[in-house]
Structures are given as structure tokens and as C-alpha cells.
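Structural description and commentary
Now for the letters of each chain:
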Amino acid sequence: MPLSGTFLADLERIVGADGLVCSPEGRLVYECDMHTFYKGAPDAVALPTRADQVVAIVNLCRREHVPIVPRGSGTGLIGGAMAPVGGVMVGTNRMDGILEIDLPNRCATVQPGLINLSLTRAVSSHGYFFAPDPSSQMVSSIGGNVATNAGGPHCLKYGITTNHVLGLELVTGAGVLVRLGGKAAEHPGYDLVGVAVGSEGTFGIVTAVTVRLLHAAEAVKTILASFTAIEDASEAVSAIIAAGIVPAALEMLDEMMIRAINEGTGAGYPKDAAAVLLIELDGPGAEVEAQAERAARICWERGALEVRVARDDTERALLWKGRKEAAGAVGRLAPTYLLQDAVVPRSKLPAIMRELIAIGARYRVQIANVFHAGDGNLHPLILYDDREPDELERAKAANEELLRACIAMGGTVTGEHGVGMDKAKNLPFQYADADLNFMYRLRRAFDPDAIMNPGKLLPSHPACGEGFRPSRPRVPDGAWI
Amino acid sequence: MSVATRSIAETFVTIVGREGVRADDEARAAAAVDGQPPRWVVCPVSIDQLSRVVALAHDEGLAVVPRGGGHALELGNPPTRVDVVADLSSLVRVVEYNPDDLTITVEAGISAGALAALLAPHRQFLPLDPPGLISRTLGGVTATNASGPLRARYGTMRDLLLGVRFVQADGVVTWGGSKVVKSVSGYDVPKLMVGALGTLGVLGELTLRLHPRPDVEGSWLVLLPSTQAAQGLVERIADSPLQPNRIEFFNDRALESLPVETAVAGVAVSIGSVVEAVREQGERLVTMAKAAGARTVPLPDEFWSVADRALTAERHESALQVAVVAGRLADTERAITEAVRTAAPGAQVRISGCAAVGTFRVLVGGASVAEAAAMVTRVRAWATELGGSVVVASGPAELRKAVDPWGPIDPGPFALMRALRDEFDPKRVLNPGRYVGGL
């Protein structure tokens, strides 16, 4: 539905000519996030610089029943920051300031467009850091991290975005600017911050975020252990956790991924390894020393081929290099892939790896793996060549079967990427009608007119707006009349 | 007893059995909430039964007050109606414990003490230690978001609740969250249930994230000449690489009720890790304290349980939960002391709290209702200016009528809270009137 001239003029009055993108080529840039599968260009892109402009945009769209799609850096992996039904995209890129760094209270308030890593850079000289570290942290925005409740390799120890957000300034779908939470540790009433983090822009648009800052650890130690069987590596993971060690990160690469990385970046992982474990420990020096020794011993006991301990930051960076370039390296194996983000209970890792190999064989697709083993968060990359007939269909079928297998083992559809368009259809694997109905109603409290990021996070269904009608328990009848 | 009343009672019996329904005066009096006895005390033994009990109450227009261990019944406003007390203390099943995954799923009526005993052989624990923990139910701790000294390192239930099964006001059993340590599929419904006092649903089952017990734990008490000095020490600890499990502040009166030396202020620190690291960090703590002109004494392991018991609110005491920003310990203590001096000169206050986080528990004794109310108002004015809050966690109903036990909530967030309450419990079946703003 193209927007009327009057509407666009109103929009331009709010954000100024330099804050409005209407040309087809300009809008094309915004047609997808990093999940390029899902495409949909907005009818206009507004780039506000202030919260009051966001309020005005939402109210204008509300009046005209125009959908709104918020967008940060567009580095999401889920088909989230794209406009399946057109409408106005609100980009937060020009709201990228640090509003306050409050070290005595160990927190900072920033605008949503601020790049994740910029915050850590701003406070690192004082010994502090912002903990959530999605792999995209050099480019992704904190507003986007909040929207998707982003995780990262180090969330095993430090938790995901929600554990670090103290307060939000949010323009709701009703066009009202509200301040939720804040610097203080507690706020009476419902935890609106907690439920707004991860709401993927369906509640409104965040215009400021107050986050916790952590003190950097005294010591860091990175260990690389390689194994001839992925089961051995999985057992080492369980044994490390059972020994009471909570590593900052605990990452695993499988055989195919090791091969791709070795060919690509020359990270120098052992050639005959079927699995590589990256273990990072941080904390007080004495603790890190003792735990590193213990973790290394566990790896040897589980039949490790090799255990390398980085001696300095350069060696540490080298050990991480392969892991960080994993997604790029698979480009050598196949032109494209489906990326998965399901989670299984950690103890089910060996079982799901077996299942995954079987599924790959059944659908004749290659599946490479690089994942957060410490919390059971898989990132299988299901490789396919879209020039081959039916290869995409087989990849999709393998993907769905793998998701169902994860759920059957007690897992979840997405561990850290979010739902977006991509996984909305998969939520019913995990939730019953009553559970989804609760979520539809929750959304309505923040966005009564259903204009915020439609089509994302929740599956669409026939009785739109009303949600499912869950069955109520049967009250024994005949007892009262 | 009217026919309708009798048949409602009979229906409860049909749902939970005769032994699960009490309507005698003794049981009703024992279950009274702020002096209001319920008409029935109903004790479901499964979530299915709980769901049917709530559905019946919903259809009959009855008010339900969920009850766990009965520790927090004085939290919030006195309820506007109490027809049914749903006693959840029989929901004690362990649904699933996976030590390798550091997760457990339990029914909400299980006590924290029972859970701890179950986890101990695996050297695991749920790192939550609100006052009176042992006999509190996990559902109660969740509904009230109660916390204690361990939040310095591990956070609160907000950071530990992964999944939740609850019964909505109309009886629909609903699940939110997941059973794994990491999930972003759908809205984070567990967050919404933490601290909601059961007003959006009665908690039936919880999936919790566990932590490994450290190899060893050491505890020390630093005795300080002033609260300002205590704040200085806390700041130095927070700014250092030390990784304490607890950094708990005690004022002079609180110290006096503990089996330790007294001082103007004390900061008790516990460190859990491998043995070498505990020793080494302990030494660093002592050095830091010495530099601040303070003395450090080692504490026995049982200090924390002794302190928990000693700082339980006495019958004549009201408990306040003060939350401010992390770096204002000394000012907070001063604001409280001054409020007492002005508003309740004869009162004694025992203050303890998570010094590095900015949450304090204030026990007020020897104050009349009017004096306590005036004191709350003063402390609240100060805390609100810092973006903080003062909640009356326990005390006589008169106090909670004289002063809003929750304090003011900004109109913006409050409108959203009311919208949620109206959406999920328009008939106000669950805990009517008790929550913020009389929701």
C-alpha cells in the first residue's frame, strides 16, 4: 500500500528531509536484515534523532493505520528488521549517543543506535565493560540487542542482554513515551523492562537504554582442545560443568567446520580432529589458574588429541580467530546456508549430534556446526546450493526436522537470535495454544492497534486480533445449580 | 449457609477431595489475610486441581489468595476480598532434575529448604537467600521476587527463573519460557511473573537455573568507624577484581543483634571459589580494609544462617525494602536515620543490605503506626528522588492502610500495568487489591 503524499509530507515535517528515505533505491537497502531470505522494503524510512520525533511518527502511523518496523543496524538473523507488508521503517541509526556514563553506580544510559562495542570502548579504560557480546558486536546496535535479547559466546557466564538492562525509555505502539525501570535495583510493579527486552519491536520503539556495566575480570585464559570424536568433546563439556567450573565461554566446532576454517583462515586446528573445544576462563587470577589446569586435565582424560593454552593475548586472538570467522569459512563449502539457533539441554549434546548427522544423511544435505556448547545452543549451518533443484527444499525439511528433534529433547526453537519472520511458524512446536494466546494478549497491552512490527515473533493465525481460544478446564458439573 | 454456598463447597470437595477443603473456624482463622478469614481454605495437590479451583472461583466471582509458606502475606495492600485461600503447600513434586544441565523443574509449593537438601549431594544450589528462606516456598519467593545477600553475585529470581507454568485467573493452565538455560523464543513471560504477586496467574511449576557450589567459601567481617567508610570499602571492592558472593552491610543496631563485635558499621563479605583463590582474595580484602583504617575478623561458615535468623522481623517490627542506586550507601543510611530521628524518635532501626547493589532491608521497631508511616513517607521522598523505592514488606495492616505499601508508580508504566491486569484478570479473581496502585 503506497503512502499518500499528505502522509509523507507529515512524516517529513517530523524528521526533516534529511531524515526521510522514499526513493526506491534508498528503500531497497532496508528490504532485509542478515537473513536475506525474507525480503520486504518499507514504503518509507524515517530516521529520527529525538524521542519526541519517534512519538510523533508512531502517532501519525497509528492515525493512518500504517505499520511500523523498527530497525537498528539490520544485523539480525531472523527476518526481523524488514517490512513484509510495507509501512514505515524507523531506523535508530541517528540516535547513537551515549547519554550518561555513571561509574559510581556502575551503569550507563545510551541511545538505541549506539554500536554495542562502542560502549565497552568508552568505559574500558576505567576497567569496565558491557557484557552482552553477540558476534556482530562491532556493528550491531544496543537497541537491536535489546529487541532480540541478544546473547553471545560469553553469555554462558555473564547472561544475555536482559540480565544487563536496568531501564528502558520506550515509545509504545499506543504512541506513549514511557520510562520503565531505571538505575535503581528494584521497581515495584510488573517487570515491564524484563518483558519488553526481547519483544522484537512489537511493543514499540526503544529510545534510550540504561545498562549495567561490569568490572573486567583480572585474568583470562583460553584453552583449545581437540578431539577425535565429537562425543568425547561433548563429554568433556559435561565434565567441566560438573566440576563446578563456569567458563566465560565454551564453544565447539565440528569436523566439517574445522575443515572449512583450516582451508579458509589457516587457524591451524589439528587436521584429524573431529571436534574442537574452545574454553575461556576469566576471573581472579588464582581461580583462573586453578580452573584452567582442571579443565585441561579433564580434556586429556576424555582423550583429547591436543590441548593448547594461550600464553598471551596474541595467542588468545589466534585461537579465537577460526571461531569468529566460521560463518564466512563455510562459504567455501556451499554458496549458501540456513542458520539454526535451537537449544538442547547440555546433557543431550551427544544425542543431538548423532541425530543431526542422521538428518543430514536422510535429506542429503551437509550440516556444519559451530556452537555454544556450554549452554547447549546449537548453530548448525545447513548448507545448500540454490542453483540445484530441490536442494533448498531438502535443506528446509532438514531444518524443520532438526528443530523438532531439539524440542523433543526438551529444548527451545531459538536461544539467542530471536524469532522474527523466520521462526514465528515454529513457535507452536514449543508452545500450546494457551501459551501463545497469553503472548498475543500481552502484545495487545503495549500495541493495542497491532501496528508494531506485524508478522514477527508470533505466528499469524486465522482469528487475527482475538488470538486462539484456549480450552478452559472443565469444572465438574451438576454440583451447583 | 445458603444453598449456593454449600454447593460451591461441595464442588471444591469434588475437585480436591474432602480432606483438601477446610471451612471450619479454626482453619479459616489460621488462614486469615490481614484479619480477613477466607470462606474456604482449599489445598490442591496438582496443577490440574489448582486450575479447576481457580476456574470455579472465577465463574462464581470469588476472590482467591494464593498462599505458599505464608511468609509474605503482609506484603502489599490488605486484600479487598478474600473468599478462597489456595494453599499451595502440597504442590511439592520434583518434576525433573537434570544435574548435568544445572536445571530443575519443581512444583511451586516446594520449600527452598527442601530444594537445597535435594541439590546438596550434587554440590549444586539455587543461589537465593531471602530472609527466612528455609521455610519459604519457591512459588512465594518468585511471586514476591524476594532476595538476600547472594544477589550481589547471582542476581534475583529474575535471573534464575527459566520457565513457569501458571494458572490464569480463568483457570487456563499456561506455560511460559523454556526448560533450557537460554531461550528467546517468544516473550519472556517468566520475567512478568516474577514479583507479580500472583496477580497475572497462580504459579504452579517453576524451571530454575542452578549453580555449582564453589569448592570452598570464606567469610569476613570488616568493622568500620562510619557508614561513609563502609561505602568507601564497598566501592573499592566493586572496583577491584575481587568476586565476592556477598557484600552485606549492617548498621550498628543490626550488628548488635549478631554474635559479632560491634561497630558503627560492618560489611560482611563472602568469597566462594577454589581454595587458593579464596585464600588469596581474603588476603586482598584484609589489606583493602586495613588501608581504610578498618579491622577485619574472619567469620564462621554458619554466620549467614545465624544472621538470617537474627534479622528476621520481630513481632513488634515492620520491615521495609529500600532500593536505590548502587553507589549511595552512606546517604541512604543517613536518610533512614534522619527520618527516624524526625518522625519516630523512640524507634530502633536495624539496617542490612546488599551494599554493592543498593537494596536495603530496614527493620523498624518501637514506632507507632503513625510514626512508622511518617518515617516511610520521608525515606520514600528521598529514595524516589534517586529513582528508587520503599516497599513495606511486612507490618500491621494499619500501617499499610496509613501509607501506600508500594509507593507511587509513574503514570506511564502504571497505565501499562493496569492494562495487563485488566487483560488477564478483569474480574480481579487473584489477590484483589493487594498489588501496586490497588490492582
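Keep in mind it's a predicted model, so treat the numbers as computed, not measured. (Residues numbered from 1 in each chain as written. Chains lettered and ligands numbered in written order. Predicted model: local features only at pLDDT ≥ 70, side-chain atom pairs only at ≥ 80, totals over all residues.)

Another aspect to go through is the overall build of chain A. Each helix and strand counted, chain A has 16 helices and 18 strands in total. Against the globule reference of 23 Å for 481 residues, chain A gives a C-alpha radius of gyration of 23 Å, in line with a compact fold. With respect to the principal axes defined by its C-alpha atoms, chain A has extents near 70 × 65 × 60 Å. Within the span of chain A, comprising 481 residues, buried residues form 56% of the whole. Sequence separation of at least 24 residues holds for 72% of the intrachain contacts in chain A that already meet a minimum separation of 6. (Helix = DSSP H or I, 4+ residues; strand = E, 2+ residues; numbered from the N terminus. Rg over C-alpha atoms; globule rule 2.2 N^0.38 Å. Buried ≥ 20, exposed ≤ 12 C-beta atoms within 10 Å, placed from the backbone. Contact = placed C-beta atoms within 7 Å.)

A count of helices and strands for chain B gives 16 helices and 19 strands. In terms of C-alpha radius of gyration, chain B reaches 22 Å, essentially the compact-globule figure of 22 Å for 439 residues. Judged by the C-alpha coordinates and their principal axes, chain B covers about 75 × 55 × 40 Å. In chain B, buried positions account for 61% of the 439 residues. In chain B, once contacts between residues fewer than 6 apart in sequence are set aside, the share between residues at least 24 apart is 71%.

A separate point is the sheet that holds strand β18 (residues 359–365) of chain B. Residues and elements named next belong to chain B. Here we have eight strands laid out as an open sheet, ordered β15-β12-β14-β13-β17-β18-β16-β19, and antiparallel in their pairing. Taken across any chain shown, the strands that pair with only one partner, and hence form the sheet edges, are β15 (295–299) and β19 (389–394). Adjacent strand axes in the sheet meet at a mean angle of 20° when their direction is disregarded. Sitting on the sheet, helix α11 (residues 275–291) is in contact with β12 (216–224), β14 (265–273) and β15, with an inclination near 5° to β12. (Pairing = 2+ DSSP bridges. Axes fitted to C-alpha atoms, helices over the stretch in contact; angles between N-to-C directions.)

The next thing to look at is the confidence of the model for chain B. Averaged over every residue, the pLDDT of chain B is 96; the share at 70 or more is 99%. Predicted as a complex, the structure gets a pTM of 0.96 and an ipTM equal to 0.97. (pLDDT = per-residue confidence, 0-100.)

On the side of chain B, 86 residues touch chain A, which itself brings 83 residues to the contact. Among the elements that line the side of chain A that touches chain B, the one with the most residues is helix α16 (residues 433–446) of chain A, at nine residues. Taken together, the residues of the side of chain A that touches chain B sort by class into 40 nonpolar, 28 polar and 15 charged. (Nonpolar A, V, L, I, M, F, W, Y, C, P; charged D, E, K, R; others polar.)

A few words on the domain arrangement of chain A. Residues and elements named next belong to chain A. For chain A, the domain assignment lists domain 1 (5–91), domain 2 (98–215), domain 3 (217–325) and domain 4 (334–418). Distance between the C-alpha centres of domain 2 and domain 3: 30 Å. On the domain 3 side, the residues contacting the five residues of domain 2 number seven residues. Taken together, the residues that form the side of domain 2 that touches domain 3 break down as two nonpolar, two polar and one charged. (Domains from an automatic or database assignment.)

The next thing to look at is the pairing of strand β5 (residues 98–102) of chain A. Residue and element names in this part refer to chain A. Pairing of β5 with strand β6 (residues 107–110) involves four bridges; the strand directions are antiparallel. Bridging across to β6, I101 finds its partner in A108. The antiparallel hairpin formed by β5 and β6 contains four residues in its connecting segment, where R106 sits at a positive phi of about 50°.

Compared with the 24 Å implied by 1.5 Å per residue over 17 residues, the 24 Å span of helix α10 (residues 285–301) of chain A between its first and last C-alpha is a close match. Those residues of α10 of chain A that fall on the buried side of the exposure criterion are E287, V288, Q291, A292, A295, I298 and C299 of chain A. All buried residues of α10 of chain A project into a common sector of 125° when viewed along the axis, lining one side. In this structure, the buried residues of α10 of chain A make contact with β12 (219–227), α8 (230–242), β14 (275–283) and β15 (306–309) of chain A together with β14 and α11 of chain B. Downstream of α10 of chain A by one or two residues, G303 of chain A has phi in the positive range, about 85°. (Expected span 1.5 Å × (residues − 1). Arc of directions from axis to C-beta.)

Okay, the packing of helix α9 (residues 227–238) of chain B against helix α13 (residues 329–343) of chain B next. Residue and element names in this part refer to chain B. It is at 8 Å that the axes of α9 and α13 come closest, and there the two elements cross at 150°. Comparing the axis directions of α9 and α13 gives the class roughly antiparallel. In this structure, α9 crosses over α13, and the sense of that crossing is right-handed. For the pair formed by α9 and α13, the contact residues are T227, Q228, A230, Q231 and V234 on the first element and L329, A330 and E333 on the second. (Parallel < 35°, antiparallel > 145°, perpendicular 65-115°, else oblique. Left-handed = near helix turned anticlockwise from the far one by under 90°.)

What follows concerns the sheet that holds strand β10 (residues 202–209) of chain B. All names here are of chain B. Strand order in the open sheet made by the five strands is β5-β6-β10-β8-β9, with antiparallel pairing throughout. Strands with a single pairing partner mark the edges of an open sheet, and in this sheet they are β5 (94–98) and β9 (173–177). For this sheet, the mean inter-axis angle between neighbouring strands, taken without regard to orientation, is 15°. Across four bridges, β5 lies against strand β6 (residues 103–107) in antiparallel orientation. Within β6, the position partnered with Y97 by the bridge is I104.

Looking now at helix α9 (residues 255–264) of chain A. All names here are of chain A. Considered for burial, the residues of α9 that qualify are M257, I258, A260 and I261. Viewed along the axis of α9, the buried residues span an arc of 165°, placing them on a single side of the element. Packed against the buried residues of α9 are β13 (249–254), β14, α11 (313–324), α12 (326–329) and β17 (366–372). Directly beyond the C-terminal end of α9, a positive phi value near 65° is found at G266.

Now for the domain arrangement of chain B. Interface size is often expressed as the accessible area that is lost when the parts come together. Residues and elements named next belong to chain B. The domain architecture assigned to chain B consists of domain 1 (3–87), domain 2 (94–212), domain 3 (216–309) and domain 4 (313–402). Each of domain 1 and domain 4 has a C-alpha centre, and these two points are 33 Å apart. Across the boundary between the two partners, domain 1 contributes six residues, which contact six residues of domain 4.

One non-glycine residue, H65 of chain A, adopts positive backbone phi at about 55°. For H65 of chain A, the location among the structural elements is in the loop between α3 (51–64) and β3 (68–71). Judged by the 11 C-beta atoms lying within 10 Å of it, H65 of chain A falls in the exposed class. In this model, R123 of chain B sits at a positive phi of 55°, which is unusual for a non-glycine residue. Tracing the chain through its elements places R123 of chain B in the loop between α4 (112–119) and β7 (124–125).

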